[in-house]
Amino acid sequence: MAYVIDYELLEKLEEKIGKEEAKKIAQTIELIYNELDKKSESLAHQKKLELKDELTKELATKADLAIIEAKLEKIEAKLEKEILKLDKKFTIMFLILAFLIIFINKDAVELIIKLLPFAK
């Protein structure tokens, strides 16, 4: 972005130090503005890159999420297997308990025989 020195400032400089010297000073000021512009742009670009690097380290990427999802799927599969094992164990325990109740209590057998016609 080119900066042009203010006309009033240029006139005052011409009055104080002369036309040629004022022109040289104005050119020098414009060069300084241009250099500052370039440096500020490069500094801003550098800061953006640094910020991007920091955010990349801190935030989860799609690859990170895919890895976590795969791990969760493995855990879910293990949990389902364990639930099936527990379900089988409870079913077996229930059958054993029902058998023991019938085996130990003779009145329970008679009650079951009486209730069988209603089970149809």
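As a reminder, the structure under discussion sits directly above these lines.
Conventions adopted
Residues numbered from 1 in each chain as written. Predicted model: local features only at pLDDT ≥ 70, side-chain atom pairs only at ≥ 80, totals over all residues. Heavy atoms only, no water. Salt bridge = Lys/Arg side-chain N within 4 Å of Asp/Glu carboxyl O. Helix = DSSP H or I, 4+ residues; strand = E, 2+ residues; numbered from the N terminus. Buried < 20%, exposed > 50% of the residue type's maximum accessible area, 1.4 Å probe, protein only. Axes fitted to C-alpha atoms, helices over the stretch in contact; angles between N-to-C directions. Parallel < 35°, antiparallel > 145°, perpendicular 65-115°, else oblique. Left-handed = near helix turned anticlockwise from the far one by under 90°. Contact = heavy atoms within 4.5 Å. Nonpolar A, V, L, I, M, F, W, Y, C, P; charged D, E, K, R; others polar.

## Details of the pattern of salt bridges
- All told, the structure shown has three salt bridges when counted by the stated rule.
- One salt bridge in this structure joins K38 and E35, with 4.0 Å as the shortest N-O distance. One end of the pair is K38 and the other is E35, both in helix 2 (residues 19-58) and three residues apart, which spans about a single turn.
- Note on E35: relative accessible area 42%, which makes it partly exposed.
- Ionic pairing is found between E50 and K47, a salt bridge with its closest N-O pair at 3.8 Å. Taken as a pair, E50 and K47 lie in helix 2 at a separation of three residues, close to a single helical turn.
- The exposure class assigned to K47 is partly exposed, which follows from its relative accessible area of 48%.

## Focus on the packing of helix 1 (residues 7-17) against helix 2
- Helix 2 packs onto helix 1 with a crossing angle of 135 degrees between their chain directions and a minimal axis gap of 7 Å. Classified by the angle between their axes, helix 1 and helix 2 sit oblique to one another. Of the two possible hands of crossing, helix 1 and helix 2 adopt the one that is right-handed. Counting all contacts with helix 1, which are made through L10, L13, E14 and I17, the residues of helix 2 involved are K19, E21, A22, I25 and A26.

## Considering the packing of helix 3 (residues 62-104) against helix 4 (residues 106-115)
- Their axes nearest at 4 Å, the elements helix 3 and helix 4 cross at an angle of 105 degrees. The angle between helix 3 and helix 4 places the two elements in the roughly perpendicular class. Contacts from I101, I102 and I104 of helix 3 reach helix 4 at K106, A108, V109 and I112.
- For the contact of helix 3 with helix 4, the per-class residue count stands at six nonpolar, no polar and one charged.

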